[in-house]
Amino acid sequence: MTLLAAILTRAAKAAITLLLIVVLNFFLIHAAPGDPAAVMAGENGAADQIYIDQLRERFGLDQPLYVQFYKYVGGVLQLDLGYSYRQQMPVLDLILDRLPATLLLTLTAFGMSLLLGIVFGLAAAARVGRWSDSAITGMALLFYATPLYWVALMAVLLFSVQLNWLPAFGYETVGAGYTGFAMVLDRLEHLVLPALTLGLFFMAVYLRMTRSSVLEVSQMDFVKTARAKGLAEGIIRRRHILRNALLPVVTLAGLQAGQLVGGAVLTETVFAWPGIGRLMFDSLTARDYNTLLGVFLVSAAMVILFNIVTDIVYRLIDPRIAAGGAA
Amino acid sequence: MMDFMKRFARNRGALLGLLILIVVVLLAVFAPLLFPQSPWKMVQRPFLPPFAADGLPLGTDTLGRNVAAGLVHGARVSLIVGLVSTAVALLIGVPLGALAGFYGGWVDEGAMRFTEFFQTIPSFALAIVLVAILEPHLTSITLAIAIVSWPPVARLVRAEVMSLRGREFVDAARLAGLSNLRILFGHILPNAMSPIIVMASLMVATAILLESSLSFLGLGDPNIMSWGYMIGAARTVIRTAWWLSFIPGVAILLTVLALNLIGEGLNDALNPRLARKGR
Amino acid sequence: MSTVLSIRDLAIALPAGADRELAVQNITFDLAESEILCVVGESGSGKSMTANALMGLLPDLVHVTQGSAEFEGRDLLALPEAQRRALRGDRIGMIFQEPMSALNPLMRIGDQIAEVYEAHDRYTPAERHDRALALIKEVGLPDPEKIIRAYPFQLSGGQRQRAMIAMALALDPAILIADEPTTALDVTTQAQILELIKTIQKRHGMAVMFITHDFGVVAEIADRVIVMRYGEIVEQGSAAEVLEAPQHDYTRALLEAIPSDSVPETAPVEAAPVLEVRDLRKTYVTSGGMFKPKRSVTAIDGVSFTIAKGEVLGIVGESGSGKSTVGRSIVRLVEADSGQILLDGEDMNALSPDQLRHARRRVQMIFQDPYASLNPRKKILSAISEGPITQGVPVAEAHARARELLQTVGLEASAAERYPHEFSGGQRQRIGIARALAMDPDLIIADEAVSALDVSIQAQVLELLRDLQQRLGLSLMFITHDLRVAAQLCDRIAVMQRGRLIEIGPVSEVFLTPQAEYTRNLLAAVPGADWGDTVAATG
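In this text, all values refer to a predicted model and were calculated from it rather than measured experimentally.

## Some remarks on the confidence of the model for chain B
Residues and elements named next belong to chain B.
Then comes step 1: When pLDDT is averaged along chain B, the result is 87, and 96% of the positions lie at 70 or above.
Then comes step 2: The weakest mean pLDDT in chain B belongs to helix 1 (residues 2-10) at 78; the strongest belongs to helix 7 (residues 138-165) at 93.
Then comes step 3: Counting interchain partners and residues more than four positions distant, the pLDDT-below-50 stretch residues 274-279 has seven contacts.

## Here's the deal with the interface of chain C and chain B
Then comes step 1: Between chain C and chain B, the residue contacts involve 20 residues of the former and 14 residues of the latter.
Then comes step 2: Secondary structure elements with two or more residues in the side of chain C that touches chain B: helix 12 (353-359), strand 17 (363-366) and helix 13 (380-390) of chain C.
Then comes step 3: The element contributing the most residues to the side of chain C that touches chain B is helix 13 of chain C, with three residues.
Then comes step 4: Considered class by class, the residues forming the side of chain C that touches chain B number seven nonpolar, seven polar and six charged.

## So, the sheet that holds strand 9 (residues 224-229) of chain C
Residue and element names in this part refer to chain C.
Then comes step 1: Strand order in the open sheet formed by six strands is 6-7-8-3-9-10, and the pairing between neighbours is mixed. Edge positions in the sheet fall to strand 6 (92-95) and strand 10 (232-238), since each of these pairs with one other strand and no more. The mean inter-strand angle of the sheet, taken between neighbouring strand axes irrespective of direction, is 15 degrees.

## Topic: the confidence of the model for chain C
All names here are of chain C.
Then comes step 1: On average, chain C scores 89 in pLDDT, and the residues at 70 or more come to 96%.
Then comes step 2: Within the model, the stretch residues 535-539 combines pLDDT values under 50 with eight contacts to residues more than four positions away or in other chains.
Then comes step 3: Here the predicted complex scores 0.85 on pTM and 0.85 on ipTM.

## Considering the interface of chain A and chain B
Then comes step 1: At the interface, 42 residues of chain A touch 33 residues of chain B.
Then comes step 2: Elements supplying a minimum of two residues to the side of chain A that touches chain B: helix 1 (3-31), helix 6 (131-145), helix 7 (148-162), helix 8 (180-218), helix 10 (233-271), helix 11 (276-285) and helix 12 (289-317) of chain A.
Then comes step 3: With eight residues, helix 12 of chain A is the largest single contributor of residues to the side of chain A that touches chain B.

## Quick word on the nonpolar core
Then comes step 1: Counting residues in hydrophobic clusters, the biggest one holds 337 residues, and the most contacted among them are A127, I128 and V129 of chain B together with I175 of chain C.
Then comes step 2: Excluding residues within four positions of it along the chain, I128 of chain B makes contact with M280 and L284 of chain A together with L214 and L219 of chain B.

## Notes on the sheet that holds strand 4 (residues 63-71) of chain C
Then comes step 1: Spatially, four strands are ordered 2-1-4-5 (chain C) in an open sheet, and the strand pairing comes out antiparallel. Edge strands, defined here as strands with exactly one partner in the open sheet, are strand 2 (22-32) and strand 5 (74-75) of chain C.

## Quick word on the packing of helix 6 of chain A against helix 11 (residues 243-270) of chain B
Helix packing geometry: the angle between the two helix axes and the distance between the axes.
Then comes step 1: At a minimum axis separation of 9 Å, helix 6 of chain A and helix 11 of chain B run at an interaxial angle of 125 degrees. With respect to their mutual orientation, helix 6 of chain A and helix 11 of chain B come out oblique. Crossing hand, helix 6 of chain A versus helix 11 of chain B: right-handed. Contacts between helix 6 of chain A and helix 11 of chain B involve L141, L142, Y144 and A145 of chain A from the first element and L253, V256, L257 and N260 of chain B from the second.
Then comes step 2: Each residue belonging to the contact of helix 6 of chain A with helix 11 of chain B can be placed in one class, and the counts come to seven nonpolar, one polar and no charged.

## Let's talk about the pairing of strand 20 (residues 492-497) of chain C
All names here are of chain C.
Then comes step 1: Among the six residues of strand 20, six are classified as buried, and the element is accordingly described as predominantly covered.
Then comes step 2: Alternating positions in strand 20 separate into two faces, R492, A494 and M496 on one and I493, V495 and Q497 on the other, with burial throughout.
Then comes step 3: Relative to strand 20, strand 14 (residues 312-316) is paired through four bridges, and the arrangement is parallel. Directly across from I315, in strand 20, lies its bridge partner A494.

Reading the values: rules and limits
- Residues numbered from 1 in each chain as written.
- Chains lettered and ligands numbered in written order.
- Predicted model: local features only at pLDDT ≥ 70, side-chain atom pairs only at ≥ 80, totals over all residues.
- pLDDT = per-residue confidence, 0-100.
- Helix = DSSP H or I, 4+ residues; strand = E, 2+ residues; numbered from the N terminus.
- Contact = placed C-beta atoms within 7 Å.
- Nonpolar A, V, L, I, M, F, W, Y, C, P; charged D, E, K, R; others polar.
- Pairing = 2+ DSSP bridges.
- Axes fitted to C-alpha atoms, helices over the stretch in contact; angles between N-to-C directions.
- Core = buried A, V, L, I, M, F, W, Y, C linked by C-beta atoms within 7 Å.
- Buried ≥ 20, exposed ≤ 12 C-beta atoms within 10 Å, placed from the backbone.
- Parallel < 35°, antiparallel > 145°, perpendicular 65-115°, else oblique.
- Left-handed = near helix turned anticlockwise from the far one by under 90°.

Given below as C-alpha cells:
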C-alpha cells in the first residue's frame, strides 16, 4: 500500500489504542481503594470537602458507572485531563510545561545510544572472536545488567561530587541568567550526565543487536556474490552488509521506545530534571492520581507516535514492504 | 542431557553466572540463619562504615540498621518476586501465544491486538500506575511486573508455534489422527521449549530490575526490605555515606548479570548450531 | 585449444572436528579455452570447495594447504589478496546456486550489475548504465527498462539467475564458474538457463566450469567431465567417454543410480479403483487490507482421476502446478473448496473432523524433507506406533509391529530406541515409509519422497518402494517433479500445470507419444534425456 495509506491506517490504530488507554485509566481510578473523589482530589483525603463535593458533581460520582464513564471520556476528548489540586493547575498545562525537557532528554539519549550502539556493535563484529570483541560485548552486558537509577547515582557521585566536572541536578544553573551561547553551554553541561546514563542501557541493547545482525548478514549468499564481483571490502561492508544489517535495528528502536520513556522517569528523578518523568514521581508521592494518569496517557501517546515514525522509516528503507511483499 | 550440560559448561561466562547465582540463592535461603533479626531493627549508631564493628561487615545505614542483613533479606525478595512474576507471565503468555500461533485466523488477530496494546503502553509507567493504584504490596508488585512482562513471551511462543506448525512432523501427527490440542501440547510446544527457557531466565533478570526500580521510587512493599529501597533510602546521604547506595547496587548488578550470563549459556547450549563465533 | 587454467595437486584443509581432514586433495586438471567442463559429484564431494578456492572465497577456517592454479601466467593461489580481487569479476566470474538469496534485497538489479564495473574502475556512470542495459537484454530478461530499476524480490527465480549471469558476464571474463546454478530451478526454467549458458559461452568464447550433481545436465552441455567423491577426482575425460564407458566403479554406480530414461512397457492395471477424485477445486485467497486488493491463486482447477487398487499413479508437474496441493487435499491437510474424494466409495471430503480422525488410517503420506518429517524429540518407536495406538491398536502390538516394519524397510529393530538425529537422510525416509505402512492404509501418497536425497541414496529408496509396492500390492500416488523417477516407478502418469490436469495415461503412452504441448515441452526440457524406446517391464 502507499505511504499515505500506511500512515492513515497507523494513525487510526493509534487513536483506538489511546482511547483504550483512556478507558483503562478510568477503570484504574475506580480500582483504587477508597472514595474515587478523594482519589481524584489527591492528598489522601486531605483536600477540602468543598472541592471533593465539586469533583463528585463534576464527574457524577453518585451516578451510575456508565454516566461517569461517558463524562470522563468526554472530558479527555476535550483535552481536559483533570485538575491537580496539589499543583493548583490543570493537568494538561502541567504536562505541557514539562514535556519539552523530557523530549530533550529522551531524544538526546536515544540518538546517542543508537549512534554509539551501532558504532561499537560494528567494531565488535569486525573483531569477532578476538579479545576486543569480548571486551566490548562484556561492557555491553555490564551496562545492560545495571539498574539505571544506580548508574545515575554513581555517575552523580563520580562526576559531580568527587570530580566536580558536571552539575548534579537540574536543567540549568538557577539564577545565573545566562543568555545566548553561554545558555546553550550551560544546558549542555546539565544534559550530559542524564542523557548519558539514560542512554547507556539502550546503547548496550543496540550494540548487541547490531553485532549479531552484522554477523548474520555477513554469512548470507549475496555477500559472497558481492565478493565474487571483486568489490573492495569497504564497499561490501557499507553497501551490502550494513544496510541489510541495520533493518532489524530500526525495528528494535521502535520497540525500545516504551522502555526509554520508562527509563526517563528514573533518570529525571535522580537528576531532578524538570520533565514529565519527574512529574510522575512527584505525583506519585503526593498521591495525585489525576496527574499520574495524565502523564501515563501522554507518555503512551509519545510511544505510539514514535512507533509510527519508526514504522514509516522502515518502510522507506525496505523496498519490499512498500510494494506489499513479494510480487 | 549430558550433551547439554557439557555444552553449557564450555561457556565460561555461563559457569561464572551460575556460580554467582548459586551464592545469591544460598544467601537468600539461609538469610534467617545468618541474620536472624529483622533487617528493620536498629542495631547500632547510624552511618557506621563497613568493617568498623563486629557482626556488621557492611556497616549500618541512615537509621542504624544492619546493611548486610538488609542485603541478604533483600536477596530473598528479589528472587521471589523475580521467579513468581516470571512464572505468572509465562502462565499468561505461553498459552496465549501458543493458541494464537496454532489456530491463526481471528483467534490470532484478537490475541495479537491484545498483546500489541500491552506492548505499546510504556511498561515501566504502567507498572508504576498499577502499583500506585493497587497500593504497594508484594502481591501487587509481583502482579504488576507479570502484567507488563508477558507480551514478549506471547510473541515468541506465537512465532515458534507458527514456524513449527508448518513442519512435516506436525502433518504426520495429524495423519495419525491426533487431536489439535494433543498436537499442540504433545508435539509442538516441547520443540519450542528451548527459546522459552532462555527467555525465562532473561525475564527473571528484568523482573528483578523492575522490582528494584519500583522500590527505589518508593513503591516497594513498606514491610519488606529490598535492594531498591536501600538505594533509594540512601540517596539523600550519597555525599557522606556513598557505600550505602553503592553496595546494594552491586548486589543487583551481580544477580542480573549472572542471570544474563546463564541465559546466554542456555542459548548456546540449546542451539548448538548457532555458534557464537558467527561461523 | 589452449589451456586457460591449470590446477595441480590442490589440497584444502577443513577445520578441526570436521568429518574429514581435507576437503579436497590431489586435485589436478586443466580447463581449456572455450570448453564446458562439468564437475560432478554428490554432496560432500568437495566440488564447490574447489571452485571457492579458485576464486579466493573459502570460508574463514578453511584454507589451501598446497597446490597451484595457473591462470594467465600467474598462480592464483599464491597471489596477494589485492590482485586476486582484481581478477574476481573481471577475468573470472562466478554464479551461485540459490537465486533467491544471492542478490542484495535492498539494491536495484541495474545497480548490482553496474557495481561490477565500479569494482574494477571502468567506465563512467552513464556508460555503466548503458552496458548494464545491454547485458540485461543479452541474458534474455523481458522489459529491460523495467528490470534495470527493479528489486530482486520482484523477479522470479529464473529471472534472478539470468541477472546473476549478467553480472558475471559484465567484463567478459575468460572463465565462468557456475556452482549448481540450476539446481534450485524448475525443469523448464533450468532448460532455458542451460541454453543461455551454452549460447553465451559460444558467443564470448569463455571457458565454463559447471558444477552439478545431475548427470542429465552433464549429458546436455558438457564437453569434458570430472567426477569427484570424498574430495578426490575419481575419473576425468570427455563427456562421451565418461557417460558411455565409465572407468571407475563409483562413476558406474552413479550412472546406474540415475533412473534411466528408457520407458518400461507397463500393462494397464485392471482393478477396482481404490481412490476416485472428482472435480477437486482449491483457490487460495490472500485477504486484502484496507487498501490492498485481494489476490487469488487457483491451486487446483477441477481435477479428476482415479487410482486402481495396486496401481502406482505418478503426478508430475513443476512448482506451482498444484500437485502437492492435490496430495494434501486428499488427506485433508488442506481443505479443498469443493469436489469429492471417494475412498472405496466413502467421500473423505464430506467427513466431519471427528469422523476424519477415525478414518485417518485409510490414507497415509510419506513426506519430502527427511529432516523435518520426524519429531526431533520423540523416539523412532513413538513416531511409528503413535498412529496405530491413536487408532485403538493395543500398545504392545503396535510396538511389535513397529519393530517389524523397521526391518521391512531395511533398518534394524534396535533403531526404534533411537532419535531421528542419529539417522541419515536416506534412513529417515525409510522410517517415514515404515510409519506410513504402520497404519495399514488403503492408499499411500508419496509427496516428493525422494527429491531431497542424493542420487545414490535416491536409487536405494526407490528400489525399496518398488519392492514393497510389488510385494504388498500397495496403491501408491507418487508426486514428483522428476520425470525420470516417475518413468521408472509408475504405471500411469498424470501431468499437471497451473492447477489443471493436462494429460493422464499409461507411462509409455504419455512419455513416448505425449498428446499435450505442455507435456512435450516438459519432456524435452529434462536435461540429457532421450526418452528411449520401450523395453520390457523390469520384474
